[in-house]
Amino acid sequence: MREITYREALREALFEEMRRDDRVFLMGEEVGHYDGAYKVSQGLLAEFGERRVIDTPIAEAGFAGIGIGAAMTGLRPIVEFMSWNFSFVAFDQIISNASKTYSMSGGKIKVPIVFRGPNGAAAQVAAQHSHTVEAFYAHIPGLWVANPSTPRDAKGLLKAAIRMDDPVVFLEGETLYNLKGEVPDASEDEIIPFGKARIAREGKDCTLIAWGAPFHTALAVADRLAKEAGIECDVIDPRTLRPIDETAILESVAKTNRCVIVHETWPYGGPGAEMVDLIQREAFDYLDAPVLRVGSLDVPMPYAKNLESLVLPTPERIETAIRRVTYREER
């Protein structure tokens, strides 16, 4: 094991998979000569050349469609969106073509493609650049959706995604690229399967589910409440949102009898609502309190820094939710 950044972990996954399989190639805006807008693809052009590291025009619908067509013919493209906000321009390609072709062809045409790039709010990039998009894409049959929170998961899940025969939406937290964490040596070739959650912390009082950038806020709150209030949380990182590890969630709720879900997307119609439905259907008799969700406030993201910090899930709102479900509200 060694410590590297989230960005470096993604880069290693790209290098290793492109060396392993010459059908894999990367395309997107500034991925080659500029080494990537976030430097994830740094060095790839020098090793693999312009046939496999392709700089595209600013035309998401165009290069997403080219990637989907390449996947249909047997290649394994990785399409980078400079931001997942810009993927809305290619929404028809992803939804109408990538997700449906396998089913509509009767299983004759596979679409092994990975769409990846930064997701969620950064720092004062305002409403047009702060979307957290998992709710849109997890809604669609035929797509797999990953949202890794740590460098190790980022590398292991990306390697798994590239090897899949189905289209994958791979969401990288925009504020996580500099995050450091332990990652196995390349010789171990660790593949993290989709649909397998990670238990980041064990506790008996409340199940706390979080992913992406808010996962780290939630984990810090859980650690602090354990020290200050004796409230011990099970902290679960789902890793993937399609599929969701239902077993891990239900086993934890059966143990703690309470649950709080934290995510950066808006609460209305989001993945948290899907998890609430799962829990009330399959673990209702274990619940001692309503399941609560903490998401971004239901408004477009403001530009002003003080307002942006209020819209995103705050430690204070997470703590309040945990205290409410454990009936330890401060008076």
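About the cut-offs
- Residues numbered from 1 in each chain as written.
- Predicted model: local features only at pLDDT ≥ 70, side-chain atom pairs only at ≥ 80, totals over all residues.
- Heavy atoms only, no water.
- Pairing = 2+ DSSP bridges.
- Helix = DSSP H or I, 4+ residues; strand = E, 2+ residues; numbered from the N terminus.
- Axes fitted to C-alpha atoms, helices over the stretch in contact; angles between N-to-C directions.
- Parallel < 35°, antiparallel > 145°, perpendicular 65-115°, else oblique.
- Left-handed = near helix turned anticlockwise from the far one by under 90°.
- Contact = heavy atoms within 4.5 Å.
- Nonpolar A, V, L, I, M, F, W, Y, C, P; charged D, E, K, R; others polar.
- Buried < 20%, exposed > 50% of the residue type's maximum accessible area, 1.4 Å probe, protein only.
- Domains from an automatic or database assignment.
- Buried area = accessible area lost by both parts, 1.4 Å probe.
- Salt bridge = Lys/Arg side-chain N within 4 Å of Asp/Glu carboxyl O.
- Lys, Arg positive; Asp, Glu negative; His and termini not counted.
- Polar contact = N/O pair within 3.5 Å; in protein donor to acceptor, adjacent residues only side chain to side chain.
- Expected span 1.5 Å × (residues − 1).
- Core = buried A, V, L, I, M, F, W, Y, C linked by side-chain atoms within 4.5 Å.
- Phe/Tyr/Trp six-rings, centres within 6.5 Å; stacked < 30°, edge-to-face > 60°.
- Lys NZ or Arg CZ within 6 Å of the ring centre and 35° of its normal.

Draft legend 1. Representation of the sheet that holds strand β3 (residues 53-55) within the structure. Read from one edge of the open sheet, 7 strands run β3-β2-β4-β5-β7-β6-β12, paired in mixed fashion. Every other strand in the sheet has two partners, leaving β3 and β12 (240-242) as the edge strands with one partner each. The sheet shows a mean angle of 20° between the axes of neighbouring strands, direction not considered. Where strand β4 (residues 76-80) lies against strand β5 (residues 114-119), 3 bridges are found, and the strand directions are parallel. The residue bridging I78 from the neighbouring strand is V114, located in β5.

Draft legend 2. Quick look at the packing of helix α1 (residues 6-20) against helix α7 (residues 151-163). Running from N to C, α1 and α7 point in directions that differ by 25°, and their axes come no closer than 8 Å. When the interaxial angle is binned, α1 and α7 end up roughly parallel. Every pair of crossing elements has a handedness; the one defined by α1 and α7 is right-handed. For the pair α1 and α7, contact is made by Y6, A9, L10, E12, A13, L14, E16, E17 and R20 and by P151, A154, K155, L158, K159, I162 and R163, respectively. Grouping the amino acids of the contact of α1 with α7 by side-chain chemistry returns 9 nonpolar, no polar and 7 charged.

Draft legend 3. Here's a closer look at the pairing of strand β13 (residues 259-262). Along β13, one buried face is formed by C259 and I261 and the opposite face, lined by V260 and V262, is buried too. Where strand β10 (residues 206-210) and β13 come together, 4 bridges link them in parallel fashion. If you follow T207 over to β13, its bridge partner there is C259. Note that β13 and strand β14 (residues 292-294) share 3 bridges and pair parallel. What sits directly across from I261, in β14, is R293.

Draft legend 4. Looking closely at the domain arrangement of the protein chain. When the domains of the protein chain are assigned, the result is domain 1 (3-188) and domain 2 (198-325). Each partner contributes to the interface: domain 1 provides 30 residues, whereas domain 2 provides 26 residues. A combined buried area of about 2200 Å² lies between domain 1 and domain 2, and 56% of that area is made up of carbon and sulfur atoms. Counting across the interface, domain 1 meets domain 2 through 2 salt bridges. With a closest N to O distance of 3.2 Å, D153 and R239 form a salt bridge.

Draft legend 5. Highlighting the packing of helix α3 (residues 60-72) against helix α4 (residues 91-98). It is the contact of α3 with α4, at a shortest axis distance of 8 Å, that shows an interaxial angle of 20°. One way to sum up the angle between α3 and α4 is to call them roughly parallel. Crossing angle aside, the handedness with which α3 passes α4 is right-handed. Across the interface between the two elements, A61, A64, G65, I68 and M72 from α3 touch Q93, I94, N97 and A98 from α4.

Draft legend 6. Spotlight on the side chain of D245. Within the fold, D245 resides in the loop between β12 and α9 (246-256). Although D245 is buried, it makes no salt bridge; K196 carries the closest opposite charge, 4.7 Å away. Among the polar contacts listed, one links the side chain of D245 to the backbone nitrogen of A197, at a separation of 2.8 Å. Separated by 3.1 Å, the side chain of D245 and the backbone nitrogen of A248 make a polar contact. When neighbours within four sequence positions are excluded, D245 is seen to be in contact with G195, K196 and A197.

Draft legend 7. Fine view of helix α8 (residues 213-229). When the terminal C-alpha atoms of α8 are compared, their 25 Å separation across 17 residues agrees well with the 24 Å that a helix rising 1.5 Å per residue should span. For α8, the elements touching its buried residues are β9 (198-201), β10, β11 (233-237), β13 and α12 (315-325). G230 lies just past α8 and shows a positive phi near 70°.

Draft legend 8. Looking closely at the pattern of salt bridges. In the structure shown here, the tally under the stated rule is 30 salt bridges. A salt bridge links D189 to R163; the nearest nitrogen and oxygen atoms lie 3.0 Å apart. Remark: R163 occurs in helix α7 and D189 occurs in the loop between β8 (180-183) and β9; sequence separation between them is 26 residues.

Draft legend 9. Here's a closer look at the nonpolar core. By size, the foremost hydrophobic cluster in this structure holds 43 residues, and its most contacted members are F81, F115 and Y137. Put simply, the parts of the chain that give this core at least two residues each are β2 (24-28), α3, α4, α6 (134-138), β7 (168-173), α9, β13 and α10 (271-282). Considering every element that reaches this core, the biggest residue donor is α3, with 5 residues. In this structure, F115 is in contact with A64, I68, V79, F81, W84, I94, A98, V168, V169 and F170, ignoring residues within four places of it in sequence.

Draft legend 10. Region of the structure containing the packing of aromatic side chains. Tallied over the entire structure, the rule returns 10 aromatic pairs. Seen from their ring centres, F63 and F81 are 6.1 Å apart, and the 35° between their planes marks the pair as tilted. Here F63, found in helix α3, pairs with F81, found in the loop between β4 and α4; they are 18 residues apart in sequence, far enough to count as distant. Accessibility expressed as a relative area gives 2% for F63, which makes it buried. According to the relative accessible area criterion, F81 is buried, its value standing at 0%. Ring pairing ties together the aromatic residues F63, F81, W84, F91, F115 and Y137, which thus form one cluster. Over the ring of Y34 we find K39, and its NZ or CZ is 3.7 Å from the ring centre.

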